[in-house]
Amino acid sequence: MAETIKQVKELKKKVSKLEQDSSSNPSKDVVKFPNGTDKLNLERCNNDEGIVKATLSCEDRLGLMSSISGALEQVKAKVVKAEIVSVGGRTRSVLWVQGLGNDGTGTLKSKLRVAMQKPPKMQRFTQ
């Protein structure tokens, strides 16, 4: 048990160092890890194709990607590129989406925010 705790602490230090290195020296080849807090950010890419980059970090759970996919379908957005990293029960997804139109980013943001939320636990009914 003590050895496991020691290994977890060492891994946390390594992750922290990697996060610091990637933020001080941003590069396309550096994979960013999921954040410890839930975050969602949308930004328009500087191109003529109307691409929006959606970055979200939240708790990893069964059905999360399905919820995200449903949110994208609701706003009729098309994913042109995706990067997903899951570590330690957290996930970070970066999605480049197209086809939102001028007012679609606000709607997409609210739909993704709902998709990120953990659904309430289902109660079992016994008869």
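Residues numbered from 1 in each chain as written. Predicted model: local features only at pLDDT ≥ 70, side-chain atom pairs only at ≥ 80, totals over all residues. Heavy atoms only, no water.

*Asks:* What exactly am I supposed to notice about helix H3 (residues 104-116) here?
*Replies:* Two residues of an α-helix separated by three or four positions point the same way, owing to the 3.6 residues in each turn. Across its 13 residues, H3 extends 18 Å between first and last C-alpha, which sits within 8% of the 18 Å expected from 1.5 Å per residue. All buried positions along H3 are accounted for by Gly104, Leu108, Leu112, Ala115 and Met116. Along the axis of H3, the buried residues cluster in a sector spanning 100°; they form a single face. Among the structural elements, strand S1 (39-44), strand S2 (52-59), helix H2 (64-74) and strand S4 (90-98) are those in contact with the buried residues of H3. (Helix = DSSP H or I, 4+ residues; strand = E, 2+ residues; numbered from the N terminus. Expected span 1.5 Å × (residues − 1). Buried < 20%, exposed > 50% of the residue type's maximum accessible area, 1.4 Å probe, protein only. Arc of directions from axis to C-beta. Contact = heavy atoms within 4.5 Å.)

*Asks:* It is not clear to me how the pairing of S2 should be interpreted in this structure. Could you clarify?
*Replies:* In the case of a regular strand, side chains alternate between the two sheet surfaces. Counting buried positions over the 8 residues of S2 gives 6, a clear majority of the element. In terms of strand pairing, S1 meets S2 through 6 bridges, oriented antiparallel. Directly across from Asn41, in S2, lies its bridge partner Thr55. Pairing of S2 with S4, which is carried by 8 bridges, proceeds in the antiparallel orientation. (Pairing = 2+ DSSP bridges.)

*Asks:* Please explain the side chain of Thr55 as it appears in this structure.
*Replies:* Inspection of the secondary structure assignment puts Thr55 in strand S2. A residue is classified by how much of its surface remains accessible, and Thr55, at 16% relative accessible area, is buried. The contacts of Thr55, once residues within four sequence positions are left out, are Lys39, Leu40, Asn41, Arg92, Ser93 and Val94.

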